[in-house]
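Report on the structure
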Amino acid sequence: MIDIFEELRQVKDLLKIEQEEDRQQYKLKALKSTITERKEMGLCWYPVFISKEEIGFGNKVVIELERTSDRDQLHLFQPGKTASLFINNGDKSSLSGVVLGVKRNKVILATNKEDLPDWVGTGRMGIELTFDEISYREMEIALKKVQEANGTRLAELRDIMLGIKPAAFTDEKLEEIQVLNESQNEAVQKIAQARDVAIIHGPPGTGKTTTLVQAILHTLKSQKRLLVTAPSNTAVDLLTEKLANEGVNVIRIGNPSRVSDVLLEHTLDAQVMAHRAYKDLKNLRKTAEEYKRMAYQFKRKFGHQERAQRQLYKSESHRLLDEADNVEHYITDDLLDNVQVITCTLVGAANKAIRHLTYDTVFIDEAAQALEPACWIPISRTNRVVLAGDHCQLPPTIKSLEADKGGLSVTLFEKCINRQPEVSVMLKTQYRMHHHIMQFSNQQFYGGELVAHESVHSAELHGYSTIFAPDMAVEFIDTAGCGYNEAEMPETQSSANPEEGDLLINHLSNLLKNYDEEEEVAPLKIGVIAPYRAQINYLQDKVEHTPRLHELHQKRQLSIGTVDSFQGQERDIICMSLVRSNERGEIGFLADERRMNVAMTRARRKLIIVGDSATLSTNPFFAELIAYVESIGAYKSAWELTESMP
């Protein structure tokens, strides 16, 4: 039997290792670089000026900063990240805070001070991201709660999810939901019957989000307040929009990762501002601001009377601000008492506005991409858990090799679905890809249970437009024997294969030679994927020098990236360069089969894979892939391809 307490202790130790590695990587990036280098890495804006200043919650100053140069330079600032305002005069003065919002060239920073320090405005200022201790602290607190839980609901959920106690279900029968297919209805029924935990296993294109939304709507018929979370802001935003569009009273805690009217309207800030008592709050803060200004009108040299007057103004300002905080508390409590669904990231579940709340059910989407300690943050506040995801796709990103090898990338989703298989329902009808694109992943990862819906079963490029000749939806182009050897870059541990890249780009150009996106109602979306950054760079350069493809790239109809950047997305055409080609049969992290699963299942109508079968087939997974493409007549030699090219 598994010793779950020993397992949790190991997870806690691995999290510490990961935190330290993360911190060291941050230091290496931030501290050993100039301001210009930090700007290029997206960690810093400099110079900036304060374009707005106001008092926020807890009497703390909130400032809006605007950058004055390199205005559209790419950056990594996003809501919830910790950052600090600094002055570039050699004395290392800084003011810490949390990013509340980001507009194109403006960032809103909630500081931890009631007044701005004297150095503000005395020289050129910048803002830079600081290391995020908050997420790690919240994960650690949650793990401690789980380890120490005894005789509580959290203790029961821990024992069930980690597989040492059975999960309980009722025999409730549900009326079929018309918009869902058979396995989706089965998943909603499983969730309705679960007393403790249920899992929606959603392979690519099977409508996991649609099913999750319907399950939430059904749960709301019998439960008052639910928490819906995910590890990424993007996933939280998607669910918030879908629930809002279904008429659910939903509040988004934290700031959305993108701007949309629906999302902004449902943030806690916007809801507070729309509340009937907000006018009182605004007036109190405005009057307090006036008293504060009057207090600071007195110059340094003043007598006893002026000092007493100043003190009076200051204490009146504080009294009004405290009253304003009480009004804000009242508004927030009123909103949260009447809300149906709260949405936030996993760490956001510990946000100060909601950390005291408990929930009937917590839904965690993308749970197979979430660190176990992060999942315990919302689970420690609920009576029942629903996980949704696919452990056959990408696991969470781990920065420390030691933590990864120790098992930190093994998620709670994976542990629970393997130890308690009866809590899970797999969605079985996929609406994305041609059956030939689907079938290999189906055999390898999903027990052959996936079915292509009739709308996509035979949908290849010829069906999209007759300018494309009838052809296979899958092509494997074998470069074995062509002498296209990989070039390794030891300093970055990356690999490139320029000749393979040339072949892929030429083949794609040839495929698109008669295609005119202007004539199509819905232009094709094309993705080019490679496992290594060095190859991505080469392909980007190659596309830039291929006029037809460069034009599609400019129009955002063609994108180039690593597998990770395509997770959760789909494209009409996917071209993959597998890069590895050597006499040793080494394939590096291509051996991570889940990455290949994600890459291949992004494609809807056409999947082109270019690789060296001699190197790849030393690995059983790739040997089976090559056997599969041969069995469906999708195998081509690079020799015949280069001969037929113009």
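Residues numbered from 1 in each chain as written. Predicted model: local features only at pLDDT ≥ 70, side-chain atom pairs only at ≥ 80, totals over all residues. Heavy atoms only, no water.

Things to note about the environment of Glu402
By the element assignment, Glu402 lies in helix H13 (residues 401-406). With relative accessibility at 54%, the residue Glu402 sits in the exposed group. Setting aside its immediate chain neighbours within four residues, Glu402 contacts Leu14 and Ile17. (Helix = DSSP H or I, 4+ residues; strand = E, 2+ residues; numbered from the N terminus. Buried < 20%, exposed > 50% of the residue type's maximum accessible area, 1.4 Å probe, protein only. Contact = heavy atoms within 4.5 Å.)

So, the packing of aromatic side chains
The description of an aromatic ring pair rests on the distance of the ring centres and on the angle between the ring planes. Counting across every chain of the model gives 14 aromatic pairs. Summarising the aromatic geometry, the rings of Tyr26 and Phe131 are spaced 6.2 Å apart at their centres and angled 45° between planes, so their arrangement reads as tilted. One end of the pair, Tyr26, is in helix H1 (residues 4-30); the other, Phe131, is in the loop between strand E6 (125-129) and helix H3 (133-148), with 105 residues separating them in the sequence. For Phe131, a relative accessible area of 14% corresponds to the buried category. Its end group placed over the ring of Trp45, Arg67 keeps NZ or CZ at 4.1 Å from the ring centre. Note that Lys190 overlies the ring of Phe169, its terminal NZ or CZ placed 4.7 Å from the centroid. (Phe/Tyr/Trp six-rings, centres within 6.5 Å; stacked < 30°, edge-to-face > 60°. Lys NZ or Arg CZ within 6 Å of the ring centre and 35° of its normal.)

Comments concerning the sheet that holds strand E3 (residues 82-87)
The antiparallel closed barrel is built from six strands, whose spatial order is E1-E2-E5-E4-E3-E6. On average, each strand axis in the sheet is inclined to that of its neighbour by 45°, with strand direction left out of account. Taken together, the six bridges between strand E4 (residues 94-103) and strand E5 (residues 106-111) define a ladder with antiparallel strand orientation. Residue pairing for E5: Gly101 is matched across the bridge by Ile108. (Pairing = 2+ DSSP bridges. Axes fitted to C-alpha atoms, helices over the stretch in contact; angles between N-to-C directions.)

A closer look at empty space enclosed by the protein
Applying the stated criterion across every chain yields a total of two cavities of 30 Å³ or more. As a volume, the largest cavity reaches approximately 90 Å³. Residue assignment for the lining of the largest cavity shows that the elements contributing at least two residues are strand E21 (571-577) and helix H20 (593-600). Ranked by residues supplied to the lining of the largest cavity, first place goes to H20 with three residues. (1 Å grid on protein atoms, 1.4 Å probe; cavity = no way out; pocket = protein on both sides within 12 Å on 5 of 7 lines; lining within 4 Å. Points joined across faces, edges and corners; volume = space filled by probe spheres on them.)

Some details on the pattern of salt bridges
A side chain with one charge can pair with a side chain of the opposite charge if their charged atoms come near. Scanning all chains against the criterion turns up 49 salt bridges. The partner of Lys636 in a salt bridge is Asp471, with the nearest N and O atoms 3.9 Å apart. On the criterion of sequence distance, the pair formed by Lys636 in strand E23 (residues 635-637) and Asp471 in the loop between helix H16 (461-464) and strand E16 (474-478) is long-range, its members being 165 residues apart. Of the residues examined, Lys636 reaches a relative accessible area of 22% and is grouped as partly exposed. Within this structure, Arg432, Glu570, Asp572, Arg604 and Arg605 form a network of salt bridges that share partners. (Salt bridge = Lys/Arg side-chain N within 4 Å of Asp/Glu carboxyl O.)

Looking at the domain arrangement of the protein chain
For the protein chain, the assigned domains read domain 1 (33-131), domain 2 (135-249 + 340-427), domain 3 (273-297 + 305-337) and domain 4 (432-643). Domain 1 and domain 2 are separated by 35 Å when their C-alpha centres are compared. (Domains from an automatic or database assignment.)

Comments concerning the sheet that holds E16
Ordered by their spatial adjacency, six strands build an open sheet running E20-E19-E21-E22-E16-E23, and the pairing between neighbours is parallel. At either end of the open sheet lies a strand with only one pairing partner, and these are strand E20 (558-561) and E23. In this sheet, adjacent strand axes meet at a mean angle of 15° when their direction is disregarded. The pairing of strand E19 (residues 526-529) with E20 spans four bridges and is parallel. When the sheet's bridge partners are listed, Gly527 is paired in E20 with Ser559. Contacting E19, E20 and E21, helix H18 (residues 533-544) runs over the sheet at an angle of about 155° to E20. Packed on one face of the sheet, helix H19 (residues 547-554) meets E19 and E20 and runs near 90° to E20.

Remarks on helix H22 (residues 620-631)
The end-to-end C-alpha separation of H22 is 16 Å, in line with the 16 Å expected for twelve residues at 1.5 Å each. Within the span of H22, buried status applies to Phe621, Phe622, Leu625, Ile626, Tyr628 and Val629. An end-on view of H22 places all buried positions within 160° of arc, on one side of the element. Those residues of H22 that are exposed and aimed more than 90 degrees away from the buried face are Pro620 and Ser631. In this fold, the buried residues of H22 make contact with helix H15 (435-445), E16, H20, strand E22 (603-611), helix H21 (613-616) and E23. Between a side-chain oxygen at the N-terminus of H22 and the backbone nitrogen of Phe621 the separation is 2.9 Å; the capping residue is Asn619. Just beyond H22, the residue with positive phi is Gly633, at close to 75°. (Expected span 1.5 Å × (residues − 1). Arc of directions from axis to C-beta. Polar contact = N/O pair within 3.5 Å; in protein donor to acceptor, adjacent residues only side chain to side chain.)

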